[in-house]
Amino acid sequence: MPAMSIQLPNLIPPFRYAIVEDKLLRGGYPKERNMRFLKRLRLKTILSLIPNKLTAEMHDFCAENAINMIHIKVDKYKEDNIPLSYNKTLMALQIIIDPANHPLYLHCLDGANVTGLVVACLRKLQMWSISSAMCDFSRFMHGTVISQEEFEFVENFKNFEVTIPSTIPSWLWGGHVSFRKHACLRLKFLNPEMMTEEEREQKERKEKMEREKEDFYIRRKNDLLDNLLDHGANTAAIRHRDMDTSKITTCTTSMDDLEFVPSSRIELAADRHENKDGRQLESPSGDRYLVDVDVDVDGVMMDGLDQVEYYNRLGHDQINPQDVYFGEDGEDGVLLVDETTGEAASISRMLEALALEGL
């Protein structure tokens, strides 16, 4: 008994079907007779540049084969008018160069001019010359002569920003960025490790400047703190030997510039001292104070601001040497003491220096 042969349907590719790159295909509007051929391609995405969406049959075909359909509306092509815009071209390119969408089939109504212009712009992204891109375009065009509008559309595709996905296909720059600067486009990389040589050099210069700036401020900050704290240990023993450990008296001084060092913060008396009239000692008016800083030596950072009064501004006759200054809400005050006399000294210049250094 002779063997029976089964006639299978023909594999019919879409009109003007061609391979652009690995897993990137192009052609005309897919029809029902092309479904068996398209199924064998195991497509993941169909990108349509047409006025209306695909037919219901194609929708069912894509649903059955887990194909993602993306529609970018582009009107019918006319000889004297290119319906494709640069914004739509950029949208199409960012879908095309993403490996997550591959294998991808790109098509317009007839697979010629609209699809050809998008592919020509892709060639420019691949850093092809304009002549090579237009030569590739001419293989699928309707006529034999490239129109002026078509040439200018591809030629003027420059200085646009193209978003580059975290991973790119091997046919785009060999799968990695090895050039210094793109010839005609601005690139925005989603992968921070992926950048042009020029951008990498700019990043390295910026990081180097930031490190040098940080090191400079750290050295400057330490020098300023050393000026404040280098004599503190020497004066602490002398000061504590002559003073009561439960309280500290303040001394007045003239407004002349003095070489001064900071006094150590010690616990002040728990109760406010009273003056001769039995009233509590109040700090002077708000326009007669200087802003001081609370320095965290371990962190080398300014922790806060205290209001420090100059007792010598009130005069020797207004302040009892045994009185103790209290900050707002009963908090302790901070004074700087002259190294030789133990008197309160001006601290505005050093505080200004600290503030200017950003402490």
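Going by the structure above, here's the rest.
Residues numbered from 1 in each chain as written. Predicted model: local features only at pLDDT ≥ 70, side-chain atom pairs only at ≥ 80, totals over all residues. Heavy atoms only, no water.

Participant: Can you walk me through the nonpolar core in this structure?
Facilitator: Within soluble globular proteins, side chains that are nonpolar generally end up buried alongside one another. In terms of nonpolar packing, the biggest core is built from 46 residues, with Leu47, Leu49 and Trp173 touching the most fellow members. In terms of residue count, the dominant contributor to this core is helix H4 (residues 113-125) (eight residues). Ignoring sequence-local partners within four residues, the contact set of Leu49 consists of Ile72, Val74, Ala92, Leu106, His107, Cys108, Leu109, Val114 and Val118. Core analysis: the second largest hydrophobic core is formed by 14 residues, Ile50, Leu54, Cys62 and Tyr105 among them. (Core = buried A, V, L, I, M, F, W, Y, C linked by side-chain atoms within 4.5 Å. Buried < 20%, exposed > 50% of the residue type's maximum accessible area, 1.4 Å probe, protein only. Helix = DSSP H or I, 4+ residues; strand = E, 2+ residues; numbered from the N terminus. Contact = heavy atoms within 4.5 Å.)

Participant: Got a minute to help me understand the environment of Thr163 in this structure?
Facilitator: Within the secondary structure, Thr163 sits in strand S6 (residues 161-164). Residue class for Thr163 comes out partly exposed when judged on its relative accessible area of 22%. As a C-alpha pair, Thr163 and Phe189 span 26 residues in sequence and 6.0 Å in three-dimensional space. Every residue in contact with Thr163, bar those within four places of it in the chain, is listed here: Gln94, Ile97, Lys188 and Leu190.

Participant: Just checking my understanding: could you explain the pattern of salt bridges for this structure?
Facilitator: Here the idea is simple: oppositely charged side chains can pair when their charged atoms come close. Scanning all chains against the criterion turns up four salt bridges. A salt bridge links Glu21 to Arg123, with the shortest nitrogen-to-oxygen separation between them at 2.8 Å. Separated by 102 residues along the polypeptide, Glu21 in strand S1 (residues 18-21) and Arg123 in helix H4 bring together distant segments of the chain. An identical accessibility class is assigned to Glu21 and Arg123; each is buried. With its nearest N and O atoms 3.6 Å apart, the salt bridge here joins Arg186 to Glu161. Separated by 25 residues along the polypeptide, Arg186 in strand S7 (residues 186-189) and Glu161 in strand S6 bring together distant segments of the chain. A relative accessible area of 44% places Arg186 in the partly exposed class. (Salt bridge = Lys/Arg side-chain N within 4 Å of Asp/Glu carboxyl O.)

Participant: Looking at this structure, how should I read the sheet that holds strand S3 (residues 45-50)?
Facilitator: The strands that make up a sheet are held in pairs by hydrogen bonds between backbone atoms, and each pair lies either parallel or antiparallel. The strand order across the open sheet formed by five strands is S1-S2-S5-S3-S4, and the pairing between neighbours is mixed. Both outer strands of the open sheet, S1 and strand S4 (68-73), are each paired with one neighbouring strand and no more. In this sheet, neighbouring strand axes are inclined to one another by 25 degrees on average, regardless of whether the strands run parallel or antiparallel. Two elements, strand S2 (residues 24-27) and strand S5 (residues 104-107), share four bridges in a ladder whose sense is parallel. Among the inter-strand pairings, Arg26 is bridged to a residue of S5, identified as Leu106. (Pairing = 2+ DSSP bridges. Axes fitted to C-alpha atoms, helices over the stretch in contact; angles between N-to-C directions.)

Participant: Got a minute to help me understand the packing of H4 against helix H5 (residues 130-138) in this structure?
Facilitator: Axes are the key here: two packed helices are described by the angle between their axes and the distance separating the axes. Taken N-terminus to C-terminus, the directions of H4 and H5 make an angle of 155 degrees; their axes are 9 Å apart at the nearest point. As the angle between them shows, H4 and H5 are arranged roughly antiparallel. Handedness of the crossing formed by H4 with H5: right-handed. Of the residues in H5, those in contact with Asn113, Gly116, Leu117, Val119, Ala120 and Arg123 of H4 are Ala133, Asp136 and Phe137. Looking at the contact of H4 with H5 residue by residue, the class counts come to five nonpolar, two polar and two charged. (Parallel < 35°, antiparallel > 145°, perpendicular 65-115°, else oblique. Left-handed = near helix turned anticlockwise from the far one by under 90°. Nonpolar A, V, L, I, M, F, W, Y, C, P; charged D, E, K, R; others polar.)

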